[in-house]
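Residues per chain, in single letters:
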Amino acid sequence: MLKNRLATLLIWLSVILISAVFVVLVLDLVRHGWAELSLAYLVDAPLDAGRGGGIGPIMVSTGLILALTISVAAPLSLATAVFLTEFSSKNSVFSGIIKRSLDVLASVPSIVFGLFGNAFFCVYLGLGFSILSGGLTLACMVLPILIRTFSEGLRAAPDEYRLAAAALGLNRAAALRHFLLPTATPALIAGLMLAIGRAIAETAALIFTSGYVDRMPDSLMDSGRALSIHIYDLSMNVAGGDSHANSAALILISLLFMINTLSSKLAYHWMHKRITCL
Amino acid sequence: MKKSAFIILFVLSAAVWAYFTLTAPARQKLVLTGSSTVAPLAAEIGRLFESQYPGVRIDVQTGGSSRGVKDARMELADIGMASRTLKATESDLLSFTIALDGISIILNRDNPITALNKQQIIDIYTGKIVNWQAVGGSKAPITVVNKAEGHSTLELFLHYLGLKNTQVKPQVVIGDNQQGIKTVAGNINAIGYVSIGAAEYEAMHGTAIKLLPLNGIPASVKNVQNQSFPLSRPLNLITKKQPTGIIKAFIDFARSPEVNPIIEAQYFVPVAN
């Protein structure tokens, strides 16, 4: 009995500790950054190296980089995940090599992706410092996360579905579309969230690829500063940039929060619809 | 229902793409890379320059002075940025000073030490003195804060002390100025060195640091300007060839008195009169 109580107490303590870390972090950001927040801050261009003005162009650049990253990485990852789980045997050498290289890729520090992206996309392919280079570099970086979560999701679909689909005479593509992908939707969304979270928080891979320019981008070939780089620069390189760094960080956290909430709602909605219309 | 959602999404993204590719005006782009100290200044000068030359975009990227020199030499950038004078091995390049900056030794505000001589600084940074007591302070271990390789603040500091980076025994290695200021402000036993402009601003705005004088000369923007402060450096723009056209226009603009308010707003010291 006492043991049980103790265990409950410890569990509650860990829960409180973990939430406290988040709450303290957010409160600190709110305390230091709230004063600067306004609608104008969201749409205005930065002034005086970011000490004044807003983060309008930076939001646009961040959005473009993120959209590019996901639209390049998600289809590639889905295809790879489908291949690994549905079209290759578990013990084949080829899929073994893919999985091993993904594991290695997943543990590579982001600065290495940054240097690779700079050497390959910016210099070798001649894309220069651009949103395109940054997005492609981030796409390389999030591939392992996406493929891993996507294939876990597909693998979690019970084999009975596959057998039932075969018994009904459905081909594999149809089974995938009507049974397996809908079942895996929550996992697919979770994977996308992880990837977006990692991409939106990235500085090291972006500073040498999408760059430092805080102007509104005219095209994907323009350099554009991401939100996380802006926060880093304001807090580490610009004297008197702290309050704006806090506001920008607050925006970043709110963005992540919104993306997370929205996506889990969507995932539930889609799955519900798919399963009930079967 | 679902199909139409996809079609809407597709059309929307195509429209965004078309907007960004079609409306992009043909502009001349000037790329600057290098010193993280110069980058915010160059970006601000670039903004003003763009307003006077609407057909030009000034793209400023960071990465450190070494990168600025390298990129200018390999012509990966139109203009390199370096927060130091060019070395003898870099005489193939041209440099144009746009502003001055000084480096100050900083201590935590609550540290009782008010001055250190050059030898004491050398001994602290080489690890011969490891306790503040040895230089007349309280009995506490010294936390030596050094800059990371590739930053010209480090090179200038070492040059002034006549040291090599391998001789320095740091406890903390930092990147940019603000990181150094925050490290020292948060640790009463720390000693570091950062750009005077930034340090003066932070000290005036209540950050817990103080600037130590060198050779009895107070570390201040004023003493950098009249060139009496021993540890100062030029902020340079670097090109491989004699600049022409828009590159020349930008360099001339950055050296004109017109940009002095911008230079002062970034806590540096103007050179143009």
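Residues numbered from 1 in each chain as written. Chains lettered and ligands numbered in written order. Predicted model: local features only at pLDDT ≥ 70, side-chain atom pairs only at ≥ 80, totals over all residues. Heavy atoms only, no water.

(A) Broad picture of the environment of Ser95 of chain A. All names here are of chain A. Mapping Ser95 onto the fold places it in helix α4 (residues 93–106). Separated by 10 residues in the primary sequence, Ser95 and Thr85 place their C-alpha atoms 9.4 Å from one another. Non-local contacts of Ser95, meaning those with residues more than four positions away in its chain, are made with Leu84, Ser88, Ser89 and Lys90. Only 3.0 Å separates the side chain of Ser95 from the side chain of Ser92, close enough to count as a polar contact. (Helix = DSSP H or I, 4+ residues; strand = E, 2+ residues; numbered from the N terminus. Contact = heavy atoms within 4.5 Å. Polar contact = N/O pair within 3.5 Å; in protein donor to acceptor, adjacent residues only side chain to side chain.)

(B) Broad picture of the side chain of Lys147 of chain B. All names here are of chain B. Structurally, Lys147 can be placed in strand β5 (residues 143–147). Polar side-chain contacts of Lys147 include one of 2.9 Å to the backbone oxygen of Gly175. Filtering out sequence-adjacent residues up to four positions away, Lys147 remains in contact with Thr153, Leu154, Val173, Ile174, Gly175, Asp176, Asn177 and Tyr193.

(C) Quick look at unusual backbone geometry. Phi is positive for Asp48 of chain A, which is not a glycine, with a value near 50°. Considering the arrangement of structural elements, one finds Asp48 of chain A in the loop between β1 (46–47) and β2 (52–53). Given the relative accessible area of 28%, Asp48 of chain A is considered partly exposed. Residues other than glycine seldom take positive phi values, yet Asn215 of chain B does so here, at roughly 50°. Structurally, the position occupied by Asn215 of chain B is in the loop between β8 (209–212) and α8 (221–225). (Buried < 20%, exposed > 50% of the residue type's maximum accessible area, 1.4 Å probe, protein only.)

(D) Highlighting a nonpolar patch on the surface. A contiguous nonpolar patch, built from Leu6, Leu9, Leu10 and Leu13 of chain A and spanning about 410 Å² of accessible area, is present on the exposed surface. You can see Leu10 of chain A is positioned in helix α1 (residues 2–33). (Patch = residues over 30% accessible without salt bridge, like charges linked within 9 Å, V, L, I, M, F, W, Y side chains within 5 Å. Areas by Shrake-Rupley, 256 points an atom, 1.4 Å probe, with all protein chains shown as cover. Salt bridge = Lys/Arg side-chain N within 4 Å of Asp/Glu carboxyl O.)

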